[in-house]
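# Observations on the three-dimensional arrangement
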2 protein chains.
Amino acid sequence: MRAIPRATVARLAQYLQGLDQLEGRTISSQSIAAVVGVGAAQVRRDLSYLGHQGVRGVGYDAEHLRRAIMRELGLVGTVGVAIVGAGNLGQALAGYGGFQERGFTVFSLYDIDHSKVGGRVSGLPIRHLDTMAADARSGRFAIAIIATPAEAASEVLARLNEAGIRSVLNFAPAVLRPPTSMEVRNVDLSTELQILSFYRKHSR
Amino acid sequence: MRAIPRATVARLAQYLQGLDQLEGRTISSQSIAAVVGVGAAQVRRDLSYLGHQGVRGVGYDAEHLRRAIMRELGLVGTVGVAIVGAGNLGQALAGYGGFQERGFTVFSLYDIDHSKVGGRVSGLPIRHLDTMAADARSGRFAIAIIATPAEAASEVLARLNEAGIRSVLNFAPAVLRPPTSMEVRNVDLSTELQILSFYRKHSR
DNA sequence: CTCTGTGAAACACTTCACAGCG
DNA sequence: CGCTGTGAAGTGTTTCACAGAG
């Protein structure tokens, strides 16, 4: 029963968001399933990885469940995040309001452009990339978001690895081959559009 | 052997990117595998869904393979894309240079803010959301990217569906429940960070 | 009687290992 | 020989269906 499947981890995060849209002290697997669009059996199986959280005949206690999921996802206290690359995308991400309310705090942006370094974006400082490793090691952030051009991405990834960062969200359009010690999630716009293109073609 | 697995479709898009980094007229499953970080057997299995494309003892013809993948992904001619929401993120996406070279053309951004409508971002016009359906129906775009606030997302999705758009990439932090006629890929920053948080916790 | 938790079956996807083609 | 294409085995994930708790 140990070792939560990767697919389940991804859904737990969705259930967490979904809980916000549900009313009532207790909720059933059925109602969660309806909100996130999966089967009720799937929800029960997923939640069973957290141990017995529900009450038979009644459902799950909403608040208790929220905490249990957050604990399992490591969302205790505030998690520090760094944004590497202060270009268009980096700045847009810095302006995204959802971090704070989800328990994430952006510590800083990093760039190598001297005309940007020292400035601020959405209230966040832009620091030089060379200072990143020290900030990482002193625990200012635990997760990094790569928002650089493609050419810079693998270099940045190597530096992050060296600085002991294990979790990376990559927005650069590059195929990154992370060391096994790292967990990298790629969000490549081209790839996503290409996948959508396939499903468009195969829907008529 | 028909019906390409979803997982394979996602990798085909990656192989396509990976081909750019490989030299030579012919390439082996081994070399593709090395570039995108999967097993060679996986690559061969995936490519076999395209029919017999390789030559035993030699490998795959790079140019031929690229075309075969593009054809399968529906990347024939140029595919039109719309960006809904001309805020921070929408503007950042509009400035992303990778669309053109991958065969996608952004037709327009859409917004409801009258101070934005009529303006331009990165050379692209911002049109009123109310004109979107007509543009969709006249074939100006086939894929839409939602870059609105969370509250607006499901309303936009409904409008897109009504306008006959089947393929949507959603950047709004909302759990969207698409009709079965649509294929929606969600890129939710919070969800991604929460998943990364889990793997960070479970790596020490 | 309702709704959870879970064996067991079904399904989906990946990897192995090798026959066979060029 | 080298490298593809693919049965067969293995692994991971989802769904069914129901026992059992409240």
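Reference entry: report on the structure contained in this document.

Definitions and cut-offs
Residues numbered from 1 in each chain as written. Chains lettered and ligands numbered in written order. Predicted model: local features only at pLDDT ≥ 70, side-chain atom pairs only at ≥ 80, totals over all residues. Heavy atoms only, no water. Near = heavy atom within 4 Å. Polar contact = N/O pair within 3.5 Å; in protein donor to acceptor, adjacent residues only side chain to side chain. Helix = DSSP H or I, 4+ residues; strand = E, 2+ residues; numbered from the N terminus. Nonpolar A, V, L, I, M, F, W, Y, C, P; charged D, E, K, R; others polar. Buried < 20%, exposed > 50% of the residue type's maximum accessible area, 1.4 Å probe, protein only. Pairing = 2+ DSSP bridges. Least-squares fit on C-alpha atoms with pLDDT ≥ 70 in both. Contact = heavy atoms within 4.5 Å. Buried area = accessible area lost by both parts, 1.4 Å probe. Salt bridge = Lys/Arg side-chain N within 4 Å of Asp/Glu carboxyl O.

### Focus: the protein's contact with DNA strand C
What surrounds DNA strand C is a group of 23 residues, the closest being A:S29, A:R45, A:G57, A:Y60 and B:R11. Note that a sugar or linking oxygen of DNA strand C is positioned 3.0 Å from one of the side-chain N or O atoms of A:R56. In the environment of DNA strand C, a base oxygen lies 3.1 Å from a nitrogen or oxygen atom belonging to the backbone of A:G57. Elements with a minimum of two residues in the surface near DNA strand C: α3 (40–48), β2 (54–55) and β3 (59–61) of chain A together with α1 (6–19) and α3 (40–48) of chain B. Among the elements that make up the surface near DNA strand C, the one with the highest residue count is α3(B) (4 residues). By residue class, the composition of the surface near DNA strand C is 6 nonpolar, 9 polar and 8 charged.

### Concerning the protein's contact with DNA strand D
The local shell around DNA strand D holds 22 residues, among which A:R11, B:S29, B:R44, B:R45 and B:Y60 are the closest. At the protein interface, 59% of the atoms of DNA strand D within 4 Å belong to sugar or phosphate. Measuring from a phosphate oxygen of DNA strand D, one finds a side-chain N or O atom of B:S29 at 2.8 Å. Between a phosphate oxygen of DNA strand D and a main-chain N or O atom of B:Q53, the distance comes to 3.2 Å.

### Let's talk about the pairing of strand β4 (residues 79–84) of chain A
All names here are of chain A. Most of β4 is tucked away, with 6 of its 6 residues classed as buried. Across the two faces of β4 the burial is the same, with V79, V81 and I83 and G80, A82 and V84 all buried. Here 6 bridges tie β4 to strand β5 (residues 104–111), and the two strands are oriented parallel to one another. For V84, the partnering residue across the bridge sits in β5 and is Y110. Pairing geometry for β4 and strand β8 (residues 143–146), over 4 bridges, is parallel. Directly across from A82, in β8, lies its bridge partner A144.

### So, the relation of the copies chain B and chain A
After a rotation of 180° and a shift along the axis of 0.0 Å, chain B superposes on chain A with an RMSD of 0.1 Å. Look at the turn and shift together and you get a two-fold axis relating the two. Among all residues of chain B, the minimum C-alpha distance to the rotation axis is found for B:A92, at 3.2 Å. Take the interface residues of chain B: 100% of them recur as interface residues in chain A, which is what a same-surface contact looks like.

### Comments concerning the interface of chain B and chain A
Taken together, the contact between chain B and chain A spans 61 residues of the former and 61 residues of the latter. Regarding the contact of chain B and chain A, the summed buried area is about 5,600 Å², with carbon and sulfur atoms giving 65% of it. Looking at the side of chain B facing chain A, the largest losses of area belong to B:L189, B:Q194 and B:L196, adding up to 12% of the total buried there. Remark: the boundary between chain B and chain A carries 2 salt bridges. For the salt bridge of A:E192 with B:R185, the shortest nitrogen-to-oxygen distance reads 2.3 Å. The interface formed by chain B and chain A contains 24 residue pairs in polar contact (both at pLDDT 80 or more). Take the side of chain B that touches chain A: its biggest share by element is 13 residues, from helix α9 (residues 189–201) of chain B.

### A closer look at the pattern of salt bridges
Taken as a whole and assessed by the stated rule, the structure comprises 22 salt bridges over all chains. For A:R6, the salt bridge goes to A:E183, with nearest N and O atoms at 2.7 Å. Separated by 177 residues along the polypeptide, A:R6 in helix α1 (residues 6–19) and A:E183 in strand β10 (residues 183–186) bring together distant segments of the chain. When its relative accessible area of 53% is taken as the criterion, A:R6 is described as exposed. Of the charged contacts in the structure, one is a salt bridge between B:R127 and B:D135, with a shortest N-O distance of 3.0 Å. Each of A:D20, A:E63, A:R66, A:R67 and A:R102 takes part in salt bridges that share partners, so that together they form one network.

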